[in-house]
Structure formats: structure tokens, C-alpha cells
Amino acid sequence: MVTSIPRRAACVLAATLCGALALAIPAGAQDAKPALRKVRLQLNWVPEPEFGGIYAARQDGLFAAEGLDVEVISGAAGTPVPQMTASGQVEFGVVSGDQVLTLRERGGSLVALFTVFHTSPMGVMVPEASPHRSLESLWKSDATVAMEAGLPFVRYLNKRFPGGKVKLVPTGAGLAAFERGTVQAQQCFITAEPVQLELRKVPVRVFSLAEGGYDPYTVSIATSEAFLAKDRAACAAFVRALRKGWASYLKEPGKYNPSIHKLNPAMSLEAMDLAARKQHDLVAPRTGDEVGWMERDRWVTLAGQLKELGTLKEPPAVIDAVFWNAPR
Amino acid sequence: MIARLLRAALPPAIVVIALVAAWDIAVRLMQPSEYLVPAPLAVARAFLEQRAELVPAALRTAGSAAAGFAIAAAAGVLAGSVLAASRFLMRGLYPLATLLQMVPLVAIAPILVIWCGYGPRTSVASAAIVSVFPVLAATLDGMRSTDPGLAELFGVCRASRLQRWWKLELPWALPSIVTGLRIAAGLSVIGAIVGEFVGAFAGDASPIGIIILSAMRENRTDLVFASVALAAAAGFALFGLVSLLGWALLRRWHASAG
């Protein structure tokens, strides 16, 4: 004997099945929104205000508005960002202008898309009480200076101030060696180490390398030539979001610093706010250009300098292949 | 003697040549960019072009490693002997000594700079810290495995504590100590380079660690490989010297030196 399901039970069962089916259909399919393009951005340092516009773009949904789902990957000292970007392990990476040029010479086809700093924040700091009042005076002394080995600006300073007797040591000991006077000077980002020292009431004097004549684009965002050729639209969308993100961050860093601080609690909110103030003029466009815009002449100058310093064998044959400004 | 040495050197030489050949073939077939994997010939060229800088640098690093190794060897044997002499000390201090092995050297290297200052002292300290534990552990294990019958005999003969250590426990532990020293020899080069990464002087007197850092920054992968090969050669030389010393000490009476 076959027993039939009561009509009410059948109705409940049918409604349950319909509900389950509706839940099983992805939300995206219901409202038919296109899926976001997943890309990765590799930073070369921990989250700090120098990446403020990136986090602002993420917080305000600007990447998503451009159809991108950007994974921002924190970096550390020694993260090989140029190599990772050129080899396609990540779509975008934070590099410096000289790294773009030197890696290209060795077969890593990087293309710069955006530069955070139009004026390099790199500098050399000395204690306020130091007898050195200029880079030249420092470089011609026998001071111990903490500097990352292999940086082109070390060669630049050696060439500019020949006969220097400074003793160079790595920066690995951090600020402790500087504060203790074990080193008499240290390379710095104007917006980083001097800020930390200022908050600790350690007065310092900073010699800007840009003012000293070496001014590469710094904290630049690059991609590989292959990715740019394959997905120019994604690159343009990424840059558009960055420009808007940086414009927002420059206007109101206090709105975004707490989220950066959550990712990097080692840097206090106070330090982040101070760093944001100090970097403002080095990031905000001097002319009518947008944030991140790069000038051809600057790349030509940098390539010439690196050739002169022996870091490059030859300047790139086509300088326009080195960078790409997305249309405004 | 020469024939014996050749017999010993031939198998590793064949393996090295085969590996380099395989590396070269892989690079020719896959043609990766130079910044990712350089060809063996490019590495050889980088070495030849910069040998005037690389060889003295490797010698400086080897010097720091050897000094650190010597300190670790002396400290390790001494500490191992002291711990072996007292069950109470061993129970109390051995776990702490094990911590030496767990210490992330990269994290404490900056502190070493503050304590020891810039220059070779930091590299020597770093090499000593990283290589002391294998010697200590090997000494302790060797001494604790002393034949109880012989120990009893020394007791019956009323040997002093020092006599027992010198004439029984130390020789008994020697094969084990030599093994610990061999492990420490390789580690000491790694320790020296980590120390150089944070505390060495750059410039004309750069050690190999600084050249590696500089070459990495300039995307000179060929030079990085050449430097690493030289550092490995320094470690291998130290390992060889220790093995030779071990062979000289043990050849007459221990099977491990055969």
C-alpha cells in the first residue's frame, strides 16, 4: 500500500526546498553585479602613512567602485617586491624609481604606474647637536653612518663629495644605535624615523637627498610589462582609485590612520598623524597635475644619473616604456 | 694517501659537476630572466670580474666565523663538562642552554650591535652564539655515556676529579665532540653572515654579508650567487679543518676516523 504525503506537508516541503534553492544561488547571481577583478598589491614595508592613499581607497570602496578587489600585502625589510612584481607573482608592487630602471636592465620588465612622492622623502639625519650642517660636511668627515648597502645614493654622495671618509654600516640596528650615538648619522625617510625621534623628544636635523640633487620617484607603484599589456583597463582603474584615495587621504588623514594603525599597532596613532602632516607637501601635487603623476624628464634625469654612477650600463633605449601615466 | 684522497673527493666532485650541468641545461631550456636565476657561467663571470673584492671579503667572513667557532668550541666543551659533572646543574641549566638553539638570531643580531659595536666583534659574537649549542650538547651526551665500569675503576684508583675528566671522560666524549664541532663549523659561517648583515662596515673592507646585501639591492643575482658560493666554500673549509682535526685525534683508536 502506498501512502500519499498530506497536502499541507507537501506545501511546507515545497516551500522549504524553494527557500533553500534561493539561498543556494549566489548573491551576485541574483543582482547580476559583475564579479570584482582580484589583484594583489605587495607593499615594501609595513602599513604606514606613506601608503595612506592605498588604505583610503580600500576603506572608501574606491577599488571596488573601479571593479577591483585589491589584496594589500604587507612587506618587510628585504621583501623582493621588484622581482615579485616583474615575475608576475603579484600584479602591483611598491618599488622605487631606481629599482624600476636597474631591474629592467636585468630583464625584469617593470613599468611604473603611480608615484606617491613627487619629491623623494629620503634623507640623512644627524642629531641636532651634530657639528655637521650639510651633507658635504658629514660626508667628508669620518663619522659612522648607517645606510643600506647598495643604495644608488651612496654612490651619488661618494661621487658628489669625493674623498669622503665616512664609515658606512647597515641600518639593521634600528634607531637604538643612532640614539646611543654608536652611529653619528642615519639614512631616513623624512616621514618615518625623524617622526619617531621627535615624539621621543630626540631632536634631529635632516638633510634631504632631493635637495642634494638626487631625487628619484620614491614609493612608486609598478606592474609588469606583461600585465600592463594584458589588462591595461585594470591598471587604469587601479590608478584612478589610487588618485582618488590619495586625494581623500591628503584632505583628511585622521579619518584613515586608525585603520592603518590597526594593521600596524607598533606605530602610534600620534606618529601616524605627524607623519601624514610631514609628508603632505611631498605628495600633494605642486601644479595642476593629479597625485601620482610622473614626468618624463624626471625619468630621463634619473636614468642619466644612474648611468653616471655606474649603476646602469646604459639608460633605457625608450624611456617612455619605463612608466605609464593612466589617462586623467 | 693521494689515491685515498682522490677516492674520497671523486664522488662529491661528480655530483657537483652533474648539478651545475643540470642547472646550466635548465637555464638554457627555460631561459628565466637573469634577475631570477643566473646561468652558472654568469655566476663564474661575476666571480672573476669581482674576485679582487670577493676573495678578501670571504676571508674576512671566514675569519669572523673561525673566531666565533673557536669561542663556541671552548665554551661548549667547558659548559658541557660542567653540566656533565653535576646532575643538579644539568637539570637546572640544560633547558636554559637549549634556549640558545631556539633564539632567533636575526632578531637578536641588532642587539648584538648595541652590545658589541660595529665591526667584526658583532659577527664573531653572532657566530659563537649560533654554534655553541651543538658543541655543548655533544660534549654532554659524550660525557654522560662514559663506561660506568671504567668510571668505577677510576674511583677505585682514587683519581682526582680533574684526572677523571682529562683521562677518561674527555677522551670518551671526543668522537661525540668532534661531531658537534663539525655541525658548529657550518653554523658559524651562517652566524657570521647574519652578524654582518646588521653590524659590518661597508666600503673597501666589506665582508661577504655586506656584498650580498649590496648585490641584492642592485638586482645582481649573479653576484649574490657568487658570494653565497664563496661563503659556502668558507664553511666547507672550516668543516674540513675540523674533520681533519678529528681524524688526527681519533684515527689511532676510534672506528669513526677510519
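Residues numbered from 1 in each chain as written. Chains lettered and ligands numbered in written order. Predicted model: local features only at pLDDT ≥ 70, side-chain atom pairs only at ≥ 80, totals over all residues.

**Q** Sorry, what's going on with the overall build of chain B here?
**A** Scanning chain B from N- to C-terminus turns up 10 helices and zero strands. What you see in chain B, going N to C, is helices and strands ordered as α-α-α-α-α-α-α-α-α-α. Projected onto the principal axes, the alpha-carbon positions of chain B cover approximately 70 × 50 × 30 Å. Considering only contacts within chain B whose residues lie at least 6 apart along the sequence, 78% involve residues at least 24 apart. (Helix = DSSP H or I, 4+ residues; strand = E, 2+ residues; numbered from the N terminus. Contact = placed C-beta atoms within 7 Å.)

**Q** Mind showing me how you'd approach the overall build of chain A here?
**A** Check the secondary structure of chain A and you find 15 helices and 10 strands. Residues classed as buried in chain A amount to 47% of the 328 residues present. Taking the contacts inside chain A whose residues are at least 6 apart along the sequence as the reference set, 76% of them involve residues at least 24 apart. (Buried ≥ 20, exposed ≤ 12 C-beta atoms within 10 Å, placed from the backbone.)

**Q** Would you mind going over the sheet that holds strand β9 (residues 204-208) of chain A with me for this structure?
**A** Pairing between the strands of a sheet is mediated by backbone hydrogen bonds and can be parallel or antiparallel. Residues and elements named next belong to chain A. An order of β7-β6-β8-β5-β9 is seen for the five strands of this open sheet, with the pairing classed as mixed. Two strands bound the open sheet, and with one partner strand each, they are β7 (167-169) and β9. Between one strand axis and the next, the sheet turns through 30° on average, direction left out of account. With two bridges joining them, strand β6 (residues 144-146) and strand β8 (residues 185-189) adopt parallel strand pairing. Directly across from V145, in β8, lies its bridge partner A185. (Pairing = 2+ DSSP bridges. Axes fitted to C-alpha atoms, helices over the stretch in contact; angles between N-to-C directions.)

**Q** Quick question: what am I supposed to make of the interface of chain A and chain B here?
**A** Many analyses report the size of an interface as the accessible area lost when the parts associate. Listed by partner, the interface residues are 24 residues for chain A and 24 residues for chain B. A per-class count over the side of chain A that touches chain B returns nine nonpolar, 11 polar and four charged. (Nonpolar A, V, L, I, M, F, W, Y, C, P; charged D, E, K, R; others polar.)

**Q** Is there a simple way to think about the sheet that holds strand β4 (residues 110-117) of chain A in this case?
**A** All names here are of chain A. Taken together, the five strands give an open sheet; going across it, the order is β2-β1-β3-β10-β4, and neighbouring strands pair in mixed fashion. On the outer flanks of this sheet lie β2 (68-73) and β4, each paired with one strand and no other. Across the sheet, the mean angle separating the axes of adjacent strands is 25° when strand polarity is ignored. Bridge analysis of strand β1 (residues 37-42) against strand β3 (residues 92-95) gives two bridges, and the strand direction is parallel. Of the residues in β3, the one forming a bridge with L41 is F92.

**Q** Where do I start with the domain arrangement of chain A in this structure?
**A** Residues and elements named next belong to chain A. If you check the domain split of chain A, you get domain 1 (37-120 + 216-321) and domain 2 (122-208). Distance from the C-alpha centre of domain 1 to the C-alpha centre of domain 2: 25 Å. In this assembly, 17 residues from domain 1 lie in contact with 13 residues from domain 2. When contributions to the side of domain 1 that touches domain 2 are tallied by element, the ones reaching two or more residues are α14 (269-283) and α15 (296-309). (Domains from an automatic or database assignment.)

**Q** I'm lost on the pairing of β3(A) in this one. Help?
**A** Within a regular strand, side chains alternate between the sheet's two faces. All names here are of chain A. Residue alternation in β3 divides its side chains into two sets, F92 and V94 and G93 and V95, and both sets are buried. Sheet topology places β3 next to strand β10 (residues 218-224); three bridges connect them, and they run antiparallel. Within the sheet, the bridge partner assigned to V95 lies in β10 and is S220.

**Q** Hey, could you run me through the packing of helix α8 (residues 161-199) of chain B against helix α10 (residues 221-250) of chain B in this one?
**A** Two quantities define a packed helix pair, namely the angle between the axes and the distance from one axis to the other. Residue and element names in this part refer to chain B. At a minimum axis separation of 9 Å, α8 and α10 run at an interaxial angle of 165°. If you check the angle between α8 and α10, you find them roughly antiparallel. When the axes of α8 and α10 are compared, the crossing they make is right-handed. Residues L174, P175, V178, L181, R182, A185, G186, S188, V189 and I193 of α8 form the contact with α10, whose participating residues are A231, A234, G235, L238, F239, V242, S243, G246, L249 and L250. Looking at the contact of α8 with α10, its residues break down into 14 nonpolar, five polar and one charged. (Parallel < 35°, antiparallel > 145°, perpendicular 65-115°, else oblique. Left-handed = near helix turned anticlockwise from the far one by under 90°.)

**Q** Just checking my understanding: could you explain the pairing of strand β5 (residues 122-127) of chain A for this structure?
**A** Residue and element names in this part refer to chain A. In terms of residue burial, β5 counts as a mostly covered element, since five of its six residues are buried. Looking at chain direction, β5 and β8 are connected through four bridges and run antiparallel. Following the sheet pairing, V124 is matched in β8 by Q187. Across five bridges, β5 lies against β9 in antiparallel orientation. Paired with V126 across the strands is R205, a residue of β9.

**Q** How should I be thinking about unusual backbone geometry in this particular structure?
**A** Working note: non-glycine residues mostly have negative phi, and peptide bonds are mostly trans. Located in the positive-phi region is V219(A), a residue other than glycine, with phi close to 50°. You can see V219(A) is positioned in strand β10. C-beta crowding within 10 Å serves as the criterion here: with 26 such atoms nearby, V219(A) is assigned to the buried category. Positive phi values are uncommon outside glycine, yet N219(B) reaches one of about 60°. Assignment of secondary structure puts N219(B) in the loop between α9 (208-217) and α10.

**Q** I tried to follow helix α8 (residues 152-160) of chain A on my own but got confused; where do I start?
**A** When we look at burial in α8(A), the residues that qualify are P152(A), F153(A), V154(A), Y156(A) and L157(A). If you follow the buried residues of α8(A), they end up packed against α6 (97-105), β5, α7 (135-139), β7 and α15 of chain A.

**Q** Just to check I follow, could you spell out the packing of helix α13 (residues 253-263) of chain A against α14(A) for this structure?
**A** All names here are of chain A. Put simply, α13 and α14 touch, their axes get as near as 10 Å, and they point 135° apart. Accordingly, the angle class assigned to the pair α13 and α14 is oblique. Remark: the crossing between α13 and α14 carries right-handed chirality. The residues of α14 that touch α13, namely those facing P253, G254, N257, P258, I260 and H261, are L269, M272, D273 and A276. Its residues assigned to classes, the contact of α13 with α14 comprises six nonpolar, three polar and one charged.

**Q** Would you mind going over the confidence of the model for chain B with me for this structure?
**A** In low-pLDDT segments, the atomic positions of the prediction should not be examined closely. Averaged over all residues, the pLDDT of chain B is 90; the fraction at 70 or higher stands at 98%. Interface confidence for the predicted complex, expressed as ipTM, amounts to 0.76; the pTM equals 0.81. (pLDDT = per-residue confidence, 0-100.)

**Q** Quick question: what am I supposed to make of α13(A) here?
**A** Since the α-helix advances by 3.6 residues per turn, residues separated by three or four positions end up pointing in the same direction. Residue and element names in this part refer to chain A. For α13, every residue scored as buried is listed here: P253, Y256, N257, I260 and H261. The arc that holds the buried residues of α13, viewed along the axis, is 150°, so those residues lie on one side. Set apart from the buried face of α13 by more than 90 degrees, the exposed residues are P258 and K262. Taken together, the buried residues of α13 touch α3 (52-59), α12 (232-251) and α14. (Arc of directions from axis to C-beta.)

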